[in-house]
Every structure is written in structure tokens, then in C-alpha cells.
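Residue-level structural notes
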Amino acid sequence: MSPSPAAATRHRTEISDTTTLSEISEVDTVRLSLDLVSAAKRNIVFLKAVSESQWLHEKACAVEAIRRYEELWMPLISDLTVGSTPPMILPPLDIEWVWFCHTLNPVSYKQYCSARFSKLIGKPAIFYEENEEYALMRCEEYWMNRYPNDSFENEVDLKSDQVVENEDLFNEVMKHRYLYVKLSLPYMSELVYLIAARKRYKGFLYLLQRFSEGCSRSVPSLDILLMLITHQSYATVYAEDMKEMEAEMMEKVVGIWETVKDKEVEETKRIWEKAFDQPYEKAGGAVDFHGLASVKPPMYWDVSDIDVNTKYKSLLPRFLLEVCIYVRLNSKIKPEKDEKRCSFLRLRMVRCHREMMIDKPVSSFSSDTWNKVSQLYCEFGTKGLMLEFHKQGSGFFKSSKVEGSAMFLWNDLLRAYSLNLEREIDRQFRIVVSITPPVQAPYLLKCVPDRVTDDSGAMISEVILKMNHYKPQEGRWLSRTVLDHAGRECFIVRTRVAGGFWRRGGERPTAVKWEDRIIEVREGSWKYVAGSIGRAPEKVVGTATPREPPENSQASWCFSTGDELLISWQSSSTSLSGITLSLTNQASSDSTMKLLKGRKMQYKVDNEEEKEDEADFVTIIRYTEDNPTGRATALLNWKLLLVEVLPEEDAVLAILICISILRSVSELRKEDLGGLLTRRRVREAKTGGRDWGSVVLHPCSLSPSMASPYVKPWYWNAKSVITSDVVQNLSKQSAASSSQVEGGDKLYKQGIITTGHV
């Protein structure tokens, strides 16, 4: 039974500061008789399939699916249901989608079932793919026996003008078609996230039972919402579990697509803090104010089912996690006003990005509620974060002194209850840090200048000559080293520019013909023999060969993948925006690729000040049968030779496209646009200094005081993030300073920037 008002009031007074989610027993709240973790994981997969099936959202298909659901499926499942136990069968995708949407309105669904079948119809608990296939096959057998003249699949003509019979149910289906947008973040499928979400859902139900009287409606956070809709989608289980809380769920919980009031959000936070003495929001568990996420994450990290780059052993995956930091002043120890004004908390990383120091004045915190310090995205390799309490010193320099600190390591947080930990600093501050499980993110790659190599891949050097007993080194190739997000060497890119031999006082290399100036990518790192002198790895994993361009094109490249790149330039245009890129695939493929100039789709930049270098970017779009509208799988900055590539896209192909565009445009413009003629290793920023992409602040955490480009997505201001060291060195190191062993400046200008084909 639900507690009486007097009992609820008495229970509230008994809540102590040490009450935690782990202390809530089945006696304190409802008993969940469904494996919500497995069910939620299955629902995310199901919603993804619905989202990718564009035909499901056409009006004609939706109307036909509703007819099939009402006239065929529900009578069938009702007759096969024994008592309250449904048979282990599943309907086709279109019917299951209508069924799912209907159950998300428990009152309407219950009334429908009672009026038509005199009982509530439930869904079988089938969570695994092999069981689903069997359940679908069994369903088809039952279906064909009962409805031999009705197709098992939805075969409606999408162009037909179907009449909507059940308008309420049609509206429910249309309303939920964007539900997967809410639940598409990759960490939401991780087991530890789902376990933590189930615990917080229990806490949410506990609040509704014990603290809902006299309060406005409660707003479920994202992780709790996932558990709630999963629970509701199993109608008979939900009805049994919530039979004593049905009124609270109807009246006191904000619906999925309802407008949320700030007052309701603040009240939910207040009640949660009162009950558990913890912040309500957490990493991966934000309160959604406007139906869909009001502020999108600053990067795209949707995980694909296939990582084609696993075949490149030198390319290690990159993992990201979301972090939220909350601070509360200890109410028992209140700093003096002057002390609060002169003191601050500093956020730093344990490893990597030592330049990142975020300072928050103590005066911005209170003891009345939890205050968000920051929300950020970190690579797992950063190890963790540290918060330091500084007191501002007096005197001329006014340096600060560290009074105390607290460290939070990712590995400790992953083992913690609900993926969060609490620490104290100097008995004055309570810190709560929460994270999401780390999941694979896009690869980040950059090509940096390196030494000239010969045909075998060895660097042109007196050291190599001596090791080879002064046997001449044949051929000349400009080389670039590809570094990943952690500064590791993973590929070597070589561009052939000359043939011939070099020996002491002997012949000089000569430029080769245009069609012989191939680009190749070798997998692995340099094999160093003396200092920075070494040999390129032997394995070639991709090539780009220049071809005679067809009419109306100025350059043509044929890639080892079978793709062909055509580059043309409007003769009347003097800017880079006049370039046209076209990519075709001669081989059979399940997908087609298109190159769009600029930052498109998830990489689009709205700020006009950040659009200055738009012509330097190219977005790779993949079109498949499942995704005919296209999906951005990579972003290139061909001038800076930077690549962000999703796991499902071939990183080597993206690198080849990048280099080919730069070579072609440099030749068309008769200008060394990207420092192609640099023939010396350029010094990089020291690893651990500012580490590309290791820490990115959420837009809600960015303030005028955090203007540094190093904590923003790289493509917002690529030149500042990447080239602070490289460009300065390129400007200082002219090609003329290179050794004559490698060949003179004229040779490379002939090989890269010519006035016509050699």
C-alpha cells in the first residue's frame, strides 16, 4: 500500500545525510520484476533499427502498420496468450513499432486492451538476437496459418493516400519517431551505464512514493527516462510493478515530449538532494529541458557496428568519456567573505593537457545546493582529473598556495556505485565527479613533415649511405608521418617526385613524369637506425596514382580502393571556393561516397567568425541502402593535412584523399599551400602539453575566461589548435635549407608545383 500522508511526512524527517541509493531496499520502493538492464539494451537496438528504417515513418506505412496491429496482430497475440504470460513470439518491425509506441501511454493502452480483449496484453521478455530471430520465425508460422491471404511484411505502396482510422494512435506513432535521438549516445548501451541507470530509476520511484506530496511534477533525467520507457514497454510487468503507484506516475511525472518548466526541474533536483545528498544530474544523466537535447555534445561519437580500421594494427582506437563535476560547500565550515573572494578551485588533468587549468572562485559555490563546476569530454588516456583548493597570497606577486586537493581516476570511477565518487578537500568542499563508460570515438590523425626518402623507404642521409657501404640511394620521395591523437606514429605517407641516383659528386635526381608521381601509405612507424634517421615500414596499405584528367577536369587520381577523384577549378574563380571535387567508385560496393566542400552535417559550424577557413575543409558522406540520406563519416582539412574519421570509414582512404587534394590544388595555384616542400622533421608540441582532442569542454562550460582553442573541437579553429608550432616552423624552415643530398629546391618545385606536366 502507498504510505499515508502522515507516514510520508514522518519518513521524510527520518531521512539522514547518509542515505544513499544503495541503501534503498525492495521494501522501501517497488519491486522491479523485469530485467531492466537487458530490456533497455535490447530497446536501444530496436529503436536504432526503427530510426534507420526511413520507410516506417512514411504516412502510408504508418497507417497500414496501425491497421495490421489492430486487425491482425493484437487478436493473434491475445488468443495465444495464456493467463498473463504472452507466447515467445515477436511481430514484424512495423507492428512492433506501433505496439511499442502504444505501450508508452500506459493508461490508453490499458483501456484499449480491457475494452477489446478484457485483459492486458503483455510483451515477451526476449532480449537476445538469436532468440529474436527464432521468435520472429515462429510468429510468421502462426501468422500464415491464421492469415494466409495477408502478407507477413508491410507491403503498402508508400505513395498511396491512406486514410487515418485511429488518429490518436497515429499521433502517438508520429510523436515517438525521434525517440532514438534522445537515446543514441553510444555509452547508453554499455552494461555499467545501464546498471547505474537502473539504480537511479529505483531512487526516482522512491522519491515519488515518499516525497511527491505538495511538490510539482518530477522530471526524469536521461538515464532514468531510458529505464522508465523500457519498463512501460512491457505493459503487464509495468502494471503489476506499479499498481500501488499508478496515480503518482500519471500525475507526478513529466511525459517524454511534454514542455518542461524550470520550476519542475529545480524541484526535482531539490527533492533528490534532500533524499540522497547527491546532485541529481550526472554524466550521461542530464535533465532534458526541451524534449530533445537543448545543447548538443560538441563532438560526434556515435559508435558504428563495424570498425574497418581494425585491419591496420598500427592504428589504435580512441576512447572518450563524459565527465560532470559538482561542488558543495560544507555547511558546517563557512569561509569568511574575504577568504571566499580570494580563494578558488582549480581543475586539472592527471595526465595529458597540462596547459589546461580551469579556475572557479569559491564565491561561486554555496552550501545550499550542488553547483556544477564543469562538464567535459576526456580521452581515457588522460587517466583522471584533480581539483585543487588555492588561497590567493598577499604581496606584490600575489601567488596562490595549494591548501588541499582531491584526485579522481577514471578506473576508480568505473568501479564506483552509479559511476560517481565523492571526495572532500580541506574539510570545506565536497566534490562529486561522475562519468560515462568510455566508448570508441572517431580517430584523429595529422600528417607532419618528415625527411626525404629513397625508393626503398630509407631516409636520404649520410648515415644510410654509410650503412649501405656508400651504395647510391635511388629515387626521391617527400615523406609525411601520420600521428594519431596520442602522438603515436601510425602511418608513413610518401609522395614520389624524382628518380635517378645520388652518389658523392655524381648524378643528381631528376623529376619524374606526372603519371609516375604516386602517393603511397605505409603502415607502421619509422624503424630508426640512428637518432631520427630511419626506414619506412615495408607494408604498403594504400596508393593514389595520378591519371590524365578527362575533359573539364584539371586533376585525376585513382586510388587502390577503386575510387577515382576528379578535381576541377572554375577558370573565373581566384579563391579556393572555386574547386569542385567528384569521387566515383569503379568497383562494386554496398555504399557510395560523396565529397562535400566545407564542414557539413554534425561538423557544421554556426559561428560566422569560425567560417573563415571553410574552403579548407571537406566532409566525406557515405550513402547506403539503410541510410539513403547519407552519413558524414570523415572530416578533412586538406591544407593542414588533418583527418577526423569514424571507425566505419577507411582512415587510409581519407588520408589519400587529403594528400591528393593538397597536391593538386598546390599545382593548380602554383603555390606551396600546405608546406609540401618542407623536407625536414618539424618539431611538435611536447606530448602532454596540449594533446590534440584529449579534453573538450561542453559548450555550457565554456566562458569568456576559457577562450583557449585547445578545449574546443579542433575543427572550430583548426589553425590555432594544430599549427601553433608547426606553421611557425614551416615559415622559418625554407626548402632551400635542405641538404643537397636530397636534391635542390628546384627539383621539388618541378615535382610538386609545375607550370605544366613534365
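Source: prediction; values computed, not measured.

A short note on the overall build of the chain
Counting its regular elements, the chain contains 19 helices and 25 strands. Burial statistics for the chain: of 758 residues in total, 54% are counted as buried. Long-range contacts, defined here as pairs at least 24 residues apart, represent 71% of the contacts in the chain between residues at least 6 apart. Carbon and sulfur atoms make up 49% of the accessible area of the chain, which amounts to about 34000 Å² in all.

Here's the deal with the packing of aromatic side chains
Going through the model one piece at a time under the given rule, you end up with 21 aromatic pairs. Where Tyr-206 meets Phe-276, the ring centres are 6.0 Å apart and the plane angle is 35°; that geometry is what we call tilted. Here Phe-276 lies in helix H13 (residues 262–276) and Tyr-206 lies in helix H9 (residues 191–211), a separation of 70 residues in the sequence. As far as burial versus exposure is concerned, Tyr-206 and Phe-276 are alike and both buried. Three or more aromatic residues link up through ring pairs in this structure, and these residues are Tyr-603, Phe-617, Trp-692, Trp-714 and Tyr-715. In this arrangement the basic side chain of Lys-123 is found over the ring face of Tyr-234, its NZ or CZ atom lying 4.6 Å from the centre. If you follow Lys-199 out to its NZ or CZ, it ends over the ring of Tyr-417, 3.9 Å from the centre.

A short note on the pattern of salt bridges
Tallied over the entire structure, the rule returns 32 salt bridges. The residue Glu-71 makes a salt bridge to Arg-67 at a minimum N-O spacing of 3.1 Å. Within this pair, Glu-71 and its partner Arg-67 are both found in helix H3 (residues 59–80), separated by four residues, close to a single helical turn. Given the relative accessible area of 47%, Glu-71 is considered partly exposed. Residue Arg-67 is classed as partly exposed on the basis of its relative accessible area of 29%. The partner of Glu-267 in a salt bridge is Arg-270, with the nearest N and O atoms 2.6 Å apart. Of the two residues, Glu-267 and Arg-270 are both situated in helix H13; the distance of three residues between them amounts to about one turn of the helix. We classify Glu-267 as buried; its relative accessible area is 18%.

The rules behind these values
Residues numbered from 1 in each chain as written. Predicted model: local features only at pLDDT ≥ 70, side-chain atom pairs only at ≥ 80, totals over all residues. Heavy atoms only, no water. Helix = DSSP H or I, 4+ residues; strand = E, 2+ residues; numbered from the N terminus. Buried < 20%, exposed > 50% of the residue type's maximum accessible area, 1.4 Å probe, protein only. Contact = heavy atoms within 4.5 Å. Areas by Shrake-Rupley, 256 points an atom, 1.4 Å probe, with all protein chains shown as cover. Phe/Tyr/Trp six-rings, centres within 6.5 Å; stacked < 30°, edge-to-face > 60°. Lys NZ or Arg CZ within 6 Å of the ring centre and 35° of its normal. Salt bridge = Lys/Arg side-chain N within 4 Å of Asp/Glu carboxyl O.

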